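Below, each chain spelled out in residue letters.
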Amino acid sequence: MELLERQKAFFLAEHTRDFSFRKKALRRLKKEIIAREDAIADAIYADFKKPRFETFIAETQFVLAEINVQLNNLDFWAKPEKVAGNWANFPSKNYIYREPLGQVLVIAPWNYPFQLTMAPMIGALAAGNTVVVKPSELTPNTSSIVAEIIENVFDPGHVTAVQGGIEVSQELLSKPWNHIFFTGSTQVGRIVYQSAAKHLTPVTLELGGKNPCVVDKNVDVNLAAKRIVWGKALNAGQTCIAPDYLLVHQSIKDKFVAALIRNIQKSYGENQSASKDLARIVSQKHYKRLRSFLEGQQILYGGNSVDEDFFIGLTLLDEPSLESPIMQEEIFGPILPILSYSNEADIAQIIGRYEKPLAAYVFSGKRAFQKWCMTQFGFGGGVINDSVLQIANKNLPFGGVGHSGIGAYHGKASFDLFSHKKGIVKRGNWIDPPLRYAPYNLPDRIAKWVKHLF
Ligand code: NAD
């Protein structure tokens, strides 16, 4: 039977309506991931040498935490939610029912190849949907293990993994899904949105952008530099919420650059290519793109690369022109442009050049400035005095805005995203005020009063 038809039949058989069925499936998945944690780390290492510790915190443990949150809260979130009534439907009880959407398609990128396939899938399953996942073709070892796990744990009518590249993705996109959850580039996000529109399929688009990181003059220089270096080095900068470029107050720029260099050397040694704690670039194409960004730039530190290994060390660039290619697109690699500013107008002028990014960071000791940076611009989410950690809290919805995406997930946000919220009114019969019924000939004084009921 065709994939989508099989999932539709499974859904219509109402297995997934049962909360205990959903929980049993998530528990089986949890067990399988725990049993294969080392094999998952091996697979991701084989794909682009992601350090095992990074796989542990940002892939496997992250996914297990998402399963736990859904397991612990699913009964409560799925229960009809009672909301207040109003005079217009008095007497009544009012509820929001959360219903599964149906057949969900998840398309994932390569940079967190396990997390970004599993985390949306888990939310969709907790909410009672069936799921087809399409992992990335650029991380074949991880995609294979994802497919094996899914095959071992789930009935194919419930969840299926389909491996393959762009053609497979496009074939899947041509089908009438009830929801499409896509993580990837803004450019492909557009294609997904257009395909979904043909069937009026709602989409979640988790995309990217140029994430600014502002550093005020009154910061703890070493701590701020350490936290920025970590956020940029994680996954070799191939993180959708990595700081893309720095905006440093001109009065501390030299001191700050020195602190960045000190922290890079401390964490990754003088010879970064010998470090076991830096991932590689995923493919030759991506490697070449990043290398080309360095042409004609003033390199403050790094710039070293190893062709055979697709390795690029953490690299600091001095004041690249805003017209240069590196300042025109999302970097998505271990290169950090450093720009200086002298006042808020400079910051606004630079950030304002770009579409709304997925993340923004500010390091400052001044509350008013922190608030200004966090509220002045549109972006998906951010951190004051650190980077990347907004993703670590399941109570925070994670997603972009404008060109960085549509919709948000994780924890309760995931459950809601993959549920239809059905508004239901249960009317009482013990009284039936006559006001709304024709003939509409209420005296003026009562008609005026009725207006206030709505
Ligand atoms: P991508 O858009 O190239 O690919 C993502 C997925 O889309 C892959 O599974 C791929 O097979 C499929 N695909 C590629 N081209 C397609 C086409 N023409 N038609 C249909 N499907 C197609 O993205 P990527 O290179 O894998 O990932 C990097 C991008 O993802 C970056 O822009 C990054 O910011 C973004 N990203 C966003 C998040 C987030 O949570 N918002 C997380 C990770 C990555």
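Quick note: structure is the one above.
Residues numbered from 1 in each chain as written. Predicted model: local features only at pLDDT ≥ 70, side-chain atom pairs only at ≥ 80, totals over all residues. Heavy atoms only, no water.

Asks: Just checking my understanding: could you explain the sheet that holds strand β15 (residues 359-363) for this structure?
Replies: Pairing is mixed in the open sheet, where seven strands are placed in the order β10-β13-β14-β9-β8-β15-β16. Among the strands making up the open sheet, the edge pair consists of β10 (299-301) and β16 (381-384). Averaged over all pairs of adjacent strands, the angle between their axes in this sheet comes to 25 degrees, without regard to strand direction. In the sheet, strand β8 (residues 212-215) pairs with β15 via three bridges, with the strands oriented parallel. Across the sheet, residue C213 finds its bridge partner in β15, namely Y361. On top of the sheet, helix α12 (residues 344-351) reaches β8, β9 (245-249) and β14 (335-341); it is set at about 170 degrees to β9, its chief contact. (Pairing = 2+ DSSP bridges. Helix = DSSP H or I, 4+ residues; strand = E, 2+ residues; numbered from the N terminus. Axes fitted to C-alpha atoms, helices over the stretch in contact; angles between N-to-C directions. Contact = heavy atoms within 4.5 Å.)

Asks: Whenever I open this one, the packing of helix α2 (residues 19-35) against helix α5 (residues 115-126) confuses me. Can you help?
Replies: Direction vectors running N to C along α2 and α5 enclose 155 degrees, while the axes themselves pass 9 Å from each other. As the angle between them shows, α2 and α5 are arranged roughly antiparallel. Residues R22, L26 and L29 of α2 form the contact with α5, whose own contacting residues are M118, M121, I122, L125 and A126. By residue class, the composition of the contact of α2 with α5 is seven nonpolar, no polar and one charged. (Parallel < 35°, antiparallel > 145°, perpendicular 65-115°, else oblique. Nonpolar A, V, L, I, M, F, W, Y, C, P; charged D, E, K, R; others polar.)

Asks: Can you walk me through the layout of surface pockets in this structure?
Replies: Left-over empty space is what a probe sized like a water molecule reveals as it rolls over the atoms. As a volume, the largest pocket reaches approximately 1,400 Å³. G184, S185, T186, Q187 and V188 are the residues nearest the centre of the largest pocket, which is lined by 45 residues in total. Contributions of two or more residues to the lining of the largest pocket are made by α7 (166-173), β6 (179-183), α8 (186-198) and α11 (284-293). Here the lining of the largest pocket takes six residues from α8, the largest share from any one element. Class assignment of the residues belonging to the lining of the largest pocket gives a composition of 16 nonpolar, 17 polar and 12 charged. The volume enclosed by the second largest pocket comes to roughly 340 Å³. (1 Å grid on protein atoms, 1.4 Å probe; cavity = no way out; pocket = protein on both sides within 12 Å on 5 of 7 lines; lining within 4 Å. Points joined across faces, edges and corners; volume = space filled by probe spheres on them.)

Asks: How should I be thinking about the site of the ligand in this particular structure?
Replies: Neighbouring residues of the ligand: 27 residues in total, closest A108, E137, S169, S185 and E330. Here a nitrogen atom of the ligand sits 3.4 Å away from a polar atom, N or O, in the main chain of E206. Here an oxygen atom of the ligand sits 2.6 Å away from a polar atom, N or O, in the side chain of E330. Relative to its unbound accessible area of 850 Å², the ligand is 91% covered by the protein chains. More than half of the atoms belonging to the ligand lie within 2 Å of the grid points that define the largest pocket. Listed by contribution, the elements that provide at least two residues to the shell around the ligand are α7, β6 and α8. At four residues, the largest contribution of residues to the shell around the ligand is made by α7. (Near = heavy atom within 4 Å. Polar contact = N/O pair within 3.5 Å; in protein donor to acceptor, adjacent residues only side chain to side chain. Areas by Shrake-Rupley, 256 points an atom, 1.4 Å probe, with all protein chains shown as cover. Sits in = over half its atoms within 2 Å of the grid points.)

Asks: Mind showing me how you'd approach the environment of Q103 here?
Replies: By the element assignment, Q103 lies in strand β3 (residues 103-107). Judged by relative accessible area, Q103 falls into the buried class, the value being 3%. Once the C-alpha coordinates of Q103 and E137 are considered, the two residues, 34 residues apart in sequence, prove to be 22 Å apart. Among all residues touching Q103, those that are not within four sequence positions of it are L4, Q7, K8, F11, T130, W177, N178 and H179. (Buried < 20%, exposed > 50% of the residue type's maximum accessible area, 1.4 Å probe, protein only.)

Asks: What exactly am I supposed to notice about the sheet that holds strand β18 (residues 419-427) here?
Replies: Sheet strands associate in pairs through backbone hydrogen bonding, adopting either a parallel or an antiparallel arrangement. Overall, antiparallel pairing links the three strands, which are arranged β1-β2-β18 in an open sheet. Strands at the two margins of the open sheet, each flanked by one partner only, are β1 (81-83) and β18. Between one strand axis and the next, the sheet turns through 30 degrees on average, direction left out of account. Of the strand pairs in this sheet, strand β2 (residues 92-100) and β18 are connected by nine bridges, and their pairing is antiparallel. Bridging from a neighbouring strand, N94 pairs with V425 of β18.

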